[in-house]
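Residues per chain are reported as follows:
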Amino acid sequence: MAPAAITLAADAPKLSAANTGFMLICSALVLLMTPGLAFFYGGMVRVKSTLNMLMMSFISIGIVTILWVLYGFSIAFGTDKGSLIGWTSDFVGLSGIDKGDLWGTYNIPVLAFMVFQMMFAIITPALISGAIADRVKFSAWALFVALWATIVYFPVAHWVWGEGGWAFDLGVIDFAGGTAVHINAGAAALGVILVIGKRVGFKKDPMRPHSLPLVMLGAGLLWFGWFGFNAGSWLGNDDGVGSLMFVNTQVATAAAMLAWLIYEKIRHGAFTTLGAASGAVAGLVAITPSGGAVTPIGAIAVGAIAGLLCAMAVGLKYKFGYDDSLDVVGVHMVGGVIGSLLIGFFASGKGQSDAQGLFYGGGLDQFWKQCAGVFAVLAYSLVASAILAFLLDKTIGMRVSEDDEIAGIDQAEHAETAYDFSGAGGGAARTSVPAGVGGASKKVDA
């Protein structure tokens, strides 16, 4: 995703209606991923936390959209300042951008590039929410999103994609967000949960997903939207790289899903719908940084490796005792690390650049570059996020009370419940509440 400085339309290539339309469609697809994520996470929690999980994603759309327009785009993609952040006053509030201004040497408007990148900024903090399900005050979460986007996401996006950013200049390959999005969010999730602690009943209560159909719906929407997320990151269709990324996104995701299911069958004796959905997301995460650099066969390898290793990684929370509610660390952080580092082995030199990995005769040069980007982002996000969570916890408090957590965060924080069975039978009929919805099945007055 190569950024560039603003260029007036008179001095730049003629606007391409085809590429501009493609980018606007891709922007809409990436936005769809955030409601998809809400359904994915919402189905994985217990019934009493469903609405809170949905709202934690939706509030990110509101907060980050405004911050991105006010100053986020300027920090991420403005003129470089010391290889760490950007700043261009014309980008502040979009005050100096005309509808006819093109993005550098690309033939799409600055506004099209800006809104596409906005959608990345929106979903990244939303990803974190799955790790802290059931136990965080909604007001504290909203403030965390605003602070985290400003202090962590906007600068890291500049490092990786901004012209002059240190990782960009080093040659770290991140086609669509392995470091800036997935490792960034996964490491942040780990930092926050180490501060706020475990859910009441962790390792004791089953805490099973309340609606696997919602999980599958969410995974399907994510898979669909991810084509815009990945293929759109080349900013056009003039040379075929976007098409390569589209193909690699599909095949890596399929391979990861199959690998996860095979591991699950061998390890646990069953092919589960949750495993299929989680495996697909692991593959999508891993191919995000690497899909423009590898061949379709390489993408199958990336997906299969990620599916297997992420399936193994989700169990680490029980071994080490950190409560990653919905496996954000195990899927997004681990998947992002795997996909980013495998570029150093599978980069073919025939995709987005001529950089070659170890298996294509390039030695380990690219691998070490990938290591630098991966572990710098991981460390920065982990530490900064933990500090933010600690400060919020010691001031306004991050967690709801134990009583509210046990009774249900939906009612405590939103004064609503996800499912209302009061009229299920009509009139004064008597009906049954299914097992898992508020406890064991029992007769109630409808």
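What you see is a predicted model, and the numbers here were worked out from it, not measured in a lab.

What counts and how
Residues numbered from 1 in each chain as written. Predicted model: local features only at pLDDT ≥ 70, side-chain atom pairs only at ≥ 80, totals over all residues. Heavy atoms only, no water. Helix = DSSP H or I, 4+ residues; strand = E, 2+ residues; numbered from the N terminus. Rg over C-alpha atoms; globule rule 2.2 N^0.38 Å. Buried < 20%, exposed > 50% of the residue type's maximum accessible area, 1.4 Å probe, protein only. Contact = heavy atoms within 4.5 Å. Axes fitted to C-alpha atoms, helices over the stretch in contact; angles between N-to-C directions. Parallel < 35°, antiparallel > 145°, perpendicular 65-115°, else oblique. Left-handed = near helix turned anticlockwise from the far one by under 90°. Patch = residues over 30% accessible without salt bridge, like charges linked within 9 Å, V, L, I, M, F, W, Y side chains within 5 Å. Areas by Shrake-Rupley, 256 points an atom, 1.4 Å probe, with all protein chains shown as cover. Salt bridge = Lys/Arg side-chain N within 4 Å of Asp/Glu carboxyl O. Core = buried A, V, L, I, M, F, W, Y, C linked by side-chain atoms within 4.5 Å. Phe/Tyr/Trp six-rings, centres within 6.5 Å; stacked < 30°, edge-to-face > 60°. Expected span 1.5 Å × (residues − 1). Bend = angle between axes of the 7 residues up to and from the residue. Nonpolar A, V, L, I, M, F, W, Y, C, P; charged D, E, K, R; others polar. Polar contact = N/O pair within 3.5 Å; in protein donor to acceptor, adjacent residues only side chain to side chain.

**Student:** I tried to follow the overall build of the protein chain on my own but got confused; where do I start?
**Tutor:** Looking only at helices and strands, one finds 16 helices and 6 strands in the protein chain. In terms of C-alpha radius of gyration, the protein chain reaches 22 Å, essentially the compact-globule figure of 22 Å for 446 residues. Taking all 446 residues of the protein chain together, the buried fraction comes to 56%. A separation threshold of at least 6 residues defines the contact pool for the protein chain, and within that pool the share at least 24 residues apart is 75%.

**Student:** Explanation requested: the packing of helix α9 (residues 273–290) against helix α10 (residues 296–313) in the structure shown.
**Tutor:** Between two packed helices, what matters for the description is the angle formed by their axes and the separation of those axes. The N-to-C vectors of α9 and α10 enclose an angle of 135°; their axes lie 8 Å apart at closest approach. As summarised for this structure, α9 and α10 are arranged oblique, according to the angle between their axes. Judged by the sense of rotation from one axis to the other, the crossing of α9 with α10 is right-handed. Between α9 and α10, the residues in contact are A282, A286, I287 and S290 and A299, V302, A306 and C310, respectively.

**Student:** In this structure, what is going on with a nonpolar patch on the surface? I would like to understand it.
**Tutor:** A cluster of nonpolar side chains, contributed by L358, F359, Y360, L364 and W368, occupies part of the molecular surface with about 510 Å² of accessible area. As for its position among the elements, L364 is in the loop between α13 (343–346) and α14 (365–395). Overall, L364 belongs to the partly exposed group, its relative accessible area being 34%.

**Student:** Explanation requested: the nonpolar core in the structure shown.
**Tutor:** Inside soluble globular proteins, nonpolar side chains tend to come together where they are buried. Among the nonpolar cores identified, the biggest contains 122 residues, and W68, F73 and Y153 are the most heavily contacted of them. Counting residues per element, this core draws most heavily on helix α4 (residues 138–161), at 17 residues. Dropping the residues within four chain positions of it, W68 is found in contact with F73, A76, F77, M114, Q117, M118, A121, Y153 and F154. Of all hydrophobic cores here, the second largest spans 5 residues; its members include I173, A293, I343 and A347.

**Student:** Can you help me understand the packing of aromatic side chains in this one?
**Tutor:** For any pair of aromatic rings, the description consists of the separation of the ring centres together with the inter-plane angle of the planes. This structure, assessed with the given rule, holds 28 aromatic pairs. An aromatic cluster is built from W68, Y71, F73, F77, F91, W103, F113, Y153 and F154, whose rings are joined through pairwise contacts.

**Student:** Would you explain the environment of Y322 in this entry?
**Tutor:** As for its position among the elements, Y322 is in the loop between α11 (316–320) and α12 (328–341). Y322 sits 269 residues away from M53 along the chain, and the two C-alpha atoms are 19 Å apart. Each residue touching Y322, except ones within four places of it in the same chain, is listed here: L190, I193, L194, F202, A313, L316, K317 and V329.

**Student:** What exactly am I supposed to notice about the environment of L309 here?
**Tutor:** Note on placement: L309 falls in helix α10. By relative accessible area, which is 37% here, L309 ends up partly exposed. In sequence terms L309 and T272 are 37 residues apart; their C-alpha atoms lie 17 Å from each other.

**Student:** Explain unusual backbone geometry to me, please; I cannot follow it from the model alone.
**Tutor:** Working note: non-glycine residues mostly have negative phi, and peptide bonds are mostly trans. Its identity as a non-glycine residue notwithstanding, L94 has a phi of 55°, on the positive side. Its location among the elements puts L94 in the loop between β3 (85–86) and β4 (102–103). For L94, a relative accessible area of 18% gives the class buried. Phi is positive for L235, which is not a glycine, with a value near 65°. Take L235: it is sitting in the loop between α7 (212–231) and α8 (241–268).

**Student:** I would appreciate a short explanation of α7 in the present structure.
**Tutor:** Along an α-helix, a turn takes 3.6 residues, which lines up residues three or four apart on a common side. Look at α7: 29 Å from first C-alpha to last across 20 residues, which is about the 28 Å you get at 1.5 Å a residue. Maximum bend of α7: about 30°, positioned at G225.

**Student:** What should I look at first to understand the packing of helix α1 (residues 17–44) against helix α3 (residues 110–128) in this one?
**Tutor:** Two elements in contact, α1 and α3, have axes separated by 8 Å at closest approach and are oriented at 10°. Relative to α3, the element α1 is oriented roughly parallel. The residues of α3 that touch α1, namely those facing M23, L24, C26, S27, V30, L31, M33, T34, L37 and Y41, are A112, V115, F116, M119, F120, I122, I123, A126 and L127. Here the contact of α1 with α3 is composed, by residue class, of 17 nonpolar, 2 polar and no charged.

**Student:** Can you help me understand the environment of D239 in this one?
**Tutor:** The topology assignment puts D239 in the loop between α7 and α8. A polar contact is formed between the side chain of D239 and the side chain of W234, at a distance of 3.0 Å. Looking at D239, its side chain comes within polar contact range of the main-chain nitrogen of V241, at 3.2 Å.

**Student:** Can you help me understand the pattern of salt bridges in this one?
**Tutor:** Any two side chains of opposite charge can pair, so long as their charged atoms come close to each other. Applying the stated rule across the entire model yields 7 salt bridges. In this structure, the salt-bridge partner of D134 is R46, at a minimum N-O distance of 3.2 Å. Of this pair, D134 sits in the loop between α3 and α4 while R46 sits in the loop between α1 and α2 (50–77), and the two are 88 residues apart along the sequence. Put simply, R199 and D323 hold a salt bridge, and the shortest N to O gap is 2.8 Å. You can see R199 sitting in the loop between α6 (178–196) and α7 and its partner D323 sitting in the loop between α11 and α12, a full 124 residues away along the chain. Note on R199: relative accessible area 9%, which makes it buried. In this structure, a network of salt bridges that share partners links the residues R46, D134, R135, R199 and D323.

The values are spatial; any link to function lies outside them.
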